[in-house]
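Reading the structure
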Amino acid sequence: MSAGVEWALHCCVVLTAARRPVSAARLAELHDVSGTYLAKQLQELSRAGFVRSVQGKSGGYVLTRPAEELTILDIVEAVDGAAPAFVCTEIRQRGPLATPAEACATPCPIARAMGAADSAWRAALRAVTIADLARNVTADSGPEAFDVIRNWLNTPAG
């Protein structure tokens, strides 16, 4: 999983606290990350329809749907794609003791285990929303956490 997923998730959580659009530069400054790289992640989120860019002097990014309807899996797949983490290359059909292709009608035990793990991972990520993450930030950092973030976002960059 790329670092972009982490960055995109943090940005989505921050955007739940924002009362107005937040620029990519401001989000990058808040997280002390590369603005250029973060902009690419925000573009992927925009392409997926999870954020939209608002033009103008007070422009920036906003979530396009309620945080309760946006899952971690949505963000992972928007940034890194939906391809499974494991891709079977049918290695059992190679080498001096290769299994004949006709004997490989079903996935091998390794491919089945990896497929099950991928499914479980995706189900776990699908079960957690951006709203859940925001609630956990509040639980971990206190009820004032988003007020502090909101105030910082509303302070002119400098």
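Residues numbered from 1 in each chain as written. Predicted model: local features only at pLDDT ≥ 70, side-chain atom pairs only at ≥ 80, totals over all residues. Heavy atoms only, no water.

Within the protein, residue pLDDT values average 93, and 99% of them lie at 70 or more. Considering each helix and strand of the protein separately, the mean pLDDT is smallest for helix H7 (residues 145–154), with a value of 90, and largest for helix H4 (residues 72–80), with 97. (pLDDT = per-residue confidence, 0-100. Helix = DSSP H or I, 4+ residues; strand = E, 2+ residues; numbered from the N terminus.)

The next point concerns a nonpolar patch on the surface. A cluster of nonpolar side chains, namely Phe86, Ile110 and Met114, defines an oily patch on the protein surface of about 270 Å² accessible area. Exposure remark for phenylalanine 86: the relative accessible area of 31% places this residue in the partly exposed category. (Patch = residues over 30% accessible without salt bridge, like charges linked within 9 Å, V, L, I, M, F, W, Y side chains within 5 Å. Areas by Shrake-Rupley, 256 points an atom, 1.4 Å probe, with all protein chains shown as cover. Salt bridge = Lys/Arg side-chain N within 4 Å of Asp/Glu carboxyl O. Buried < 20%, exposed > 50% of the residue type's maximum accessible area, 1.4 Å probe, protein only.)

This paragraph deals with the packing of helix H1 (residues 3–17) against helix H3 (residues 35–47). At a minimum axis separation of 9 Å, H1 and H3 run at an interaxial angle of 70°. Taken together, the axes of H1 and H3 are roughly perpendicular relative to one another. Only Tyr37, Leu38, Gln41, Leu42 and Leu45 of H3 make contact with H1, whose side of the interface consists of Ala3, Gly4, Trp7, Ala8, Cys11 and Cys12. (Axes fitted to C-alpha atoms, helices over the stretch in contact; angles between N-to-C directions. Parallel < 35°, antiparallel > 145°, perpendicular 65-115°, else oblique. Contact = heavy atoms within 4.5 Å.)

So, about H7. What sets the pattern is the α-helix's 3.6 residues per turn: residues three or four places apart point alike. Among all positions in H7, only Ala145, Phe146, Ile149, Arg150 and Leu153 are buried. Along H7, the residues classed as buried sweep out an arc of 130° about the axis, all on the same side. Residues of H7 that are exposed and angled more than 90 degrees away from the buried face: Val148 and Asn151. Those residues of H7 that are buried lie in contact with H1, helix H2 (24–31) and helix H6 (130–141). (Arc of directions from axis to C-beta.)

With that settled, consider the nonpolar core. Leu42, Leu45, Ile75 and Ile130 are the most contacted members of the largest nonpolar core, which has 36 residues in total. Breaking this core down by element, the ones donating at least two residues are H1, H2, H3, strand E2 (60–63), H4, H6 and H7. Sort the elements by how many residues they give to this core and H1 lands first, with 10 residues. The contacts of isoleucine 75, once residues within four sequence positions are left out, are Val5, Ala8, Leu9, Cys12, Leu45, Phe50, Leu70 and Ile130. (Core = buried A, V, L, I, M, F, W, Y, C linked by side-chain atoms within 4.5 Å.)

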